[in-house]
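Next come the chains, spelled out residue by residue.
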Amino acid sequence: MRTLNFFSLALSLLTVLGAGCGGPERPNMAPVSGVVSFQGQPLAGAQVSFHNDKSPRVASGVTDAQGKFTLTTFDPGDGAIIGEHRVSIAKLQGAAELSSASAADPTAAYGSGMAAAASGKMSTLQKNELPAKFANPTSSGLTVTVSQEGPNEFPFDIKAE
């Protein structure tokens, strides 16, 4: 009986102490969205990434058919960390095909990806359709400031070199 009471007390104490341990706090965030166009036309399937020098976590999103994106850092659609960001934008050939696996039939996309890898053509599927400088946040020349007040809606019109 005494052992049972001690066990109950220890379990209760661990529960109370554990409730206060939520892990490290997340930095201040704000929702971020925007539109990417290439040569004046909406760019679908482009990977947009915001890089903040004070965080190892990158905010990223993929553009839809209208070139619109919403960024995610920790949870879907939560945006980006408040502050300055360098931006990278890339659109890989074949990325849509390789990421189009559905839960109902994942074998089609998997099969095309494996066939490309086996034939040595994987590098052609991964070729960037945009000028190379935009894929690197250091060379892209694209910078933004995400603010708490917002709105944090950023348009990017990529031009061919």
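Residues numbered from 1 in each chain as written. Predicted model: local features only at pLDDT ≥ 70, side-chain atom pairs only at ≥ 80, totals over all residues. Heavy atoms only, no water.

Q: Help me get a handle on the pairing of strand 8 (residues 83-90), residues and values and all.
A: Most of strand 8 sits out of view: six of its eight residues are buried. In this sheet, strand 8 lies alongside strand 4 (residues 47-51) in antiparallel orientation, the contact comprising five bridges. Bridged to Ser49 within strand 8 is Ser88. (Buried < 20%, exposed > 50% of the residue type's maximum accessible area, 1.4 Å probe, protein only. Helix = DSSP H or I, 4+ residues; strand = E, 2+ residues; numbered from the N terminus. Pairing = 2+ DSSP bridges.)

Q: Outline the confidence of the model for the protein, listing residues and values.
A: It should be kept in mind that the predicted coordinates are not to be read in detail where pLDDT is low. Per-residue confidence for the protein gives a mean pLDDT of 77; residues scoring 70 or more make up 65%. Confidence drops under pLDDT 50 across residues 1-20; counting only partners more than four residues distant or on other chains, this segment forms zero contacts. (pLDDT = per-residue confidence, 0-100. Contact = heavy atoms within 4.5 Å.)

Q: Break down the sheet that holds strand 4 for me, with residues and values.
A: The four strands lie next to each other as 5-4-8-9, forming an open sheet whose pairing is antiparallel. Of all strands in the sheet, those with a lone pairing partner are strand 5 (59-62) and strand 9 (143-146), marking the two edges. Taking each pair of neighbouring strands and ignoring which way they run, the sheet shows an average axis angle of 30°. Bridge analysis of strand 8 against strand 9 gives four bridges, and the strand direction is antiparallel. (Axes fitted to C-alpha atoms, helices over the stretch in contact; angles between N-to-C directions.)

Q: Just give me the short version of the pattern of salt bridges, but keep the residues and values in it.
A: Counted by the stated rule, this structure contains four salt bridges. With a closest N to O distance of 2.5 Å, Arg86 and Asp53 form a salt bridge. Of this pair, Arg86 sits in strand 8 while Asp53 sits in the loop between strand 4 and strand 5, and the two are 33 residues apart along the sequence. Owing to a relative accessible area of 63%, Asp53 belongs among the exposed residues under this scheme. With its nearest N and O atoms 2.7 Å apart, the salt bridge here joins Lys159 to Asp157. (Salt bridge = Lys/Arg side-chain N within 4 Å of Asp/Glu carboxyl O.)

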